[in-house]
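# Fold and geometry: a report
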Amino acid sequence: MSEERPRRSELPLHPVLNARYSPRAFSERDVTDAELNLVLEAARWAPSSMNEQPWRFLVTRRGSTGHAELLASLNPSNRIWADKAPVLILNLAKRTLSRNGMENFHARHDLGLATAQLTAQATALGMGLHILGGFQADAAREAFNIPVDFDLVSVIVLGFPGDAQQLPENLIQRELQQSPRRPLNELVFFGEFKG
Ligand SMILES: Cc1cc2nc3c(=O)[nH]c(=O)nc-3n(C[C@H](O)[C@H](O)[C@H](O)COP(=O)(O)O)c2cc1C
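A brief structural summary. Predicted, not measured: the structure shown is a model, and the values here were computed from it. (Residues numbered from 1 in each chain as written. Predicted model: local features only at pLDDT ≥ 70, side-chain atom pairs only at ≥ 80, totals over all residues. Heavy atoms only, no water.)

Of all 8 residues in strand E2 (residues 87-94), 8 are buried, a share of seventy percent or more. Along E2, one buried face is formed by Val87, Ile89, Asn91 and Ala93 and the opposite face, lined by Leu88, Leu90, Leu92 and Lys94, is buried too. Where strand E1 (residues 55-61) lies against E2, 7 bridges are found, and the strand directions are antiparallel. Residue pairing across strands places leucine 58 opposite leucine 90, the latter belonging to E2. When E2 meets strand E4 (residues 150-159), the two strands line up antiparallel, connected through 8 bridges. (Buried < 20%, exposed > 50% of the residue type's maximum accessible area, 1.4 Å probe, protein only. Helix = DSSP H or I, 4+ residues; strand = E, 2+ residues; numbered from the N terminus. Pairing = 2+ DSSP bridges.)

Listed below in structure tokens is the structure:
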């Protein structure tokens, strides 16, 4: 992770959690097959409702099959920096339960858990990872011929963090700043809900 960035929480969080941020600047360094396999394996071991494991990951590497199509589906404001990263991953959630075809209410929840584990493992390896909701799901669905039973939820931009100075002027400061967080007392209630 970039050394210019201050640590985030004042509390002694696990270093992986405290170091993580969503980079836009990526270095030239490629992701090895072993590194890629390890972050995907981390996702595989996430918990899920009824152990359905509704997550699916469509992985593309720059210069290989599908990468141009997935990149083209990103909103231009994301594509402008995401094109420097060596790996893009389309995150999918299976909408129905394999056991009975009923709606899986927790499918997106469980995909989120899996991507959180993927994120932690990637951070532990010194990688940078930026999750995007800003992409055209319909275009990606068509490009990859994805059945209606799968929701196209987000795209992971994966690589190693690079020099912020390579970014367009308006994104440099954003890259170096901490993203704000709500205080715990706005998010957590003990015994009664005060939202
Ligand atoms: C589901 C999801 C969708 C997101 N979509 C975008 C996006 O389209 N473009 C973008 O620049 N960042 C996107 N982000 C990144 C968030 O803006 C970022 O996580 C948030 O500002 C907190 O910053 P941090 O991750 O550096 O702590 C997304 C994050 C998530 C989890």
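Taken together, the 4 strands give an open sheet; going across it, the order is E1-E2-E4-E3, and neighbouring strands pair in antiparallel fashion. Taken across any chain shown, the strands that pair with only one partner, and hence form the sheet edges, are E1 and strand E3 (128-132). In this sheet, adjacent strand axes meet at a mean angle of 25° when their direction is disregarded. Judged from the 5 bridges that link them, E3 and E4 form a sheet pairing that is antiparallel. If you follow leucine 132 over to E4, its bridge partner there is valine 155. Contacts from helix H2 (residues 33-44) reach E1, E2 and E4, with the element oriented near 165° to E1. (Axes fitted to C-alpha atoms, helices over the stretch in contact; angles between N-to-C directions. Contact = heavy atoms within 4.5 Å.)

Taken as a whole and judged by the stated rule, the model has 10 salt bridges. With a shortest N-O distance of 3.3 Å, glutamate 35 and arginine 29 are connected by a salt bridge. One salt bridge connects glutamate 186 with arginine 182, and the closest N-O pair in it is separated by 3.1 Å. You can call glutamate 186 partly exposed: its relative accessible area is 42%. (Salt bridge = Lys/Arg side-chain N within 4 Å of Asp/Glu carboxyl O.)

Before going further, it helps to examine the site of the ligand. As a matter of local geometry, the ligand sits amid 14 residues, with Ser22, Arg24, His130, Gly133 and Arg181 nearest to it. Between the ligand and histidine 130, the relevant distance is 2.8 Å, taken from a nitrogen atom to a side-chain nitrogen or oxygen of the residue. Side-chain polar atom of serine 179 to an oxygen atom of the ligand: 3.0 Å apart, as the coordinates give it. Only helix H4 (76-82) and E3 provide two or more residues apiece to the shell around the ligand. (Near = heavy atom within 4 Å. Polar contact = N/O pair within 3.5 Å; in protein donor to acceptor, adjacent residues only side chain to side chain.)

Unlike most non-glycine residues, methionine 50 shows phi in positive territory, near 55°. Turning to its location among the elements, methionine 50 is positioned in the loop between H2 and E1. Classification of methionine 50 as partly exposed rests on a relative accessible area of 46%.

Moving on, we come to the environment of phenylalanine 160. Here phenylalanine 160 lies in the loop between E4 and helix H7 (169-176). For the pair phenylalanine 160 and glycine 112, spaced 48 residues apart in sequence, the C-alpha to C-alpha distance is 22 Å. Setting aside chain neighbours within four positions, we find phenylalanine 160 in contact with Ala25, Phe26, Ser27, Arg29, Asp30, Val31, Glu35, Leu125, Gly126, Met127 and Gly128.

At their nearest, the axes of H2 and helix H5 (residues 107-124) sit 7 Å apart, and the two run at 145° to each other. In the packing of H2 onto H5, the handedness of the crossing is right-handed. For the pair formed by H2 and H5, the contact residues are Leu38, Val39, Leu40, Ala42 and Ala43 on the first element and Ala114, Gln117, Leu118, Gln121 and Ala122 on the second. Within the contact of H2 with H5, the residues separate by chemical class into 8 nonpolar, 2 polar and no charged. (Left-handed = near helix turned anticlockwise from the far one by under 90°. Nonpolar A, V, L, I, M, F, W, Y, C, P; charged D, E, K, R; others polar.)

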